Amino acid sequence: MSNLLPVSLGTAADTVSPRNILFIGGTGVISATAAERAVALGHRLTLLNRGRSAGRPVPDGAEVLHADIRDPQAVREVLKGREFDAVADFISFTPDQARAGLEMFRGRTGQYVFISSASAYQKPPTTLPIRESTPLKNPFWKYSQDKIACENLLFEAYREQDFPLTVVRPSHTYDRTKIAMVGGWTDIHRMRAGMPIMVHGDGTSLWTLTHSRDFAKAFVGLLGRPQAVGESYTITSDEYLPWNQIYRLFARAAGVPEPELFHVSSETIAAHSPELGPNLLGDRSHSVIFDNTKIKALVPDYRATIPFADGAREIVEWHDQHPELQVVKEDFMELSDRLYDWSRR
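Read on for a plain summary of the structure. Only a predicted model underlies this, so the values are computations on that prediction, with no experimental measurement involved.

A word on the overall build of the protein chain. Counting its regular elements, the protein chain contains 12 helices and 13 strands. Taken over C-alpha atoms, the radius of gyration comes to 21 Å for the protein chain, in line with the 20 Å a tight globule of 345 residues would show. Over its C-alpha atoms, taken along the principal directions, the protein chain stretches across nearly 65 × 40 × 40 Å. In the structure as shown, the protein chain presents an accessible area of about 15100 Å², 50% of it carried by carbon and sulfur atoms. When the 38 basic and 42 acidic side-chain charges of the protein chain are each reduced to a single mean position, those positions are 2 Å apart.

Listed below in structure tokens is the structure:
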């Protein structure tokens, strides 16, 4: 791995040692913003992806290598024996994919950062706040179960083979392209049309939303840190809001003074929509408050500073500027109308 030499990039908080970093992916909600921050701090960043996503630009100064991570031979050819101080894997979701990453980067990096999910934590949680010591158990959602299986496989490799693993568990992380409400833009459409808006449960369960720019501060801060090897870290905002308030913040951002909210249990929604059910029952229906003490000890200047009131305005403004993204889903319109009528019987 490359030698780390100190370089000053401005303020004391921004003084870092430049690291040689590889992102597998790099164009997603959290990875694109992390890439921007890594380059801004002077790290030597390489992105490995298929080159098919044009939604978020690659930051100036980043190197891009095109290969499908599911094709090991193609990856070996483009990497050409290179080594890295840190490799961040944003796109492994199953144990087979995690095992392939383990085989590909064993001996090639000083740190392998696997992006898991805070949805892997115990559902329903028996205690709050949720910490890294909270058990991993989610009987409702296969996505979370697969992330847990990936972690188990990689931590076994750390314990038995000294594989330099770090696990990061983000919760609901967003950028201006992502609407947090279950119906996405369809809910904004319904608000502006004066139609009732479905909220799962009674709307009082607590939820944590983290802007990708805030997440990037902590995430990039742990890259190349040897003391992070063998550890897991939750990275979220410290702000938590009831779902009713989240919907009202979107309504305010959309210019709707007071939306008409109606409430349906998550179990009922799941019974009527197999597509929405696993995410609701396995994540959104449970109150989540996170303790970020551990990541703040490693990255002392980390603090999430973007309140969701600002994030909601950014999201709605972005969609208003891009009409092509304003997709109204007829199946969700029908589901909302049907369950509204059902709730009024």
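Turning to the packing of aromatic side chains, a few remarks are in order. Tallied over the entire structure, the rule returns 13 aromatic pairs. Considering the side-chain rings of Phe90 and Phe219, the 5.4 Å spacing of their centres and the 50 degrees angle between planes classify their relative orientation as tilted. Of the two residues, Phe90 is situated in the loop between strand E4 (86–89) and helix H3 (95–105) and Phe219 in helix H6 (residues 212–222); the sequence distance between them amounts to 129 residues. Every member of this aromatic cluster is reached through a ring pair, and the members are Phe23, Phe90, Phe215 and Phe219. In this structure, Arg176 packs its charged tip against the face of Trp318, placed 3.8 Å from the ring centre.

The next point concerns the packing of helix H1 (residues 29–40) against H6. Where H1 contacts H6, the axes come no closer than 8 Å and their chain directions differ by 60 degrees. Judged by the angle between their axes, H1 and H6 are oblique. Taken as a pair, H1 and H6 cross one another with a handedness that is right-handed. In contact with Val29, Ile30, Thr33, Ala34, Arg37 and Ala38 of H1, H6 contributes Ser212, Arg213, Phe215, Ala216, Lys217, Phe219 and Val220. Looking at the contact of H1 with H6 residue by residue, the classes come out as 8 nonpolar, 2 polar and 3 charged.

Conventions used here
Residues numbered from 1 in each chain as written. Predicted model: local features only at pLDDT ≥ 70, side-chain atom pairs only at ≥ 80, totals over all residues. Heavy atoms only, no water. Helix = DSSP H or I, 4+ residues; strand = E, 2+ residues; numbered from the N terminus. Rg over C-alpha atoms; globule rule 2.2 N^0.38 Å. Areas by Shrake-Rupley, 256 points an atom, 1.4 Å probe, with all protein chains shown as cover. Lys, Arg positive; Asp, Glu negative; His and termini not counted. Charge placed at Lys NZ, Arg CZ, Asp CG, Glu CD. Phe/Tyr/Trp six-rings, centres within 6.5 Å; stacked < 30°, edge-to-face > 60°. Lys NZ or Arg CZ within 6 Å of the ring centre and 35° of its normal. Axes fitted to C-alpha atoms, helices over the stretch in contact; angles between N-to-C directions. Parallel < 35°, antiparallel > 145°, perpendicular 65-115°, else oblique. Left-handed = near helix turned anticlockwise from the far one by under 90°. Contact = heavy atoms within 4.5 Å. Nonpolar A, V, L, I, M, F, W, Y, C, P; charged D, E, K, R; others polar.

Distances and angles like these do not, on their own, reveal function.
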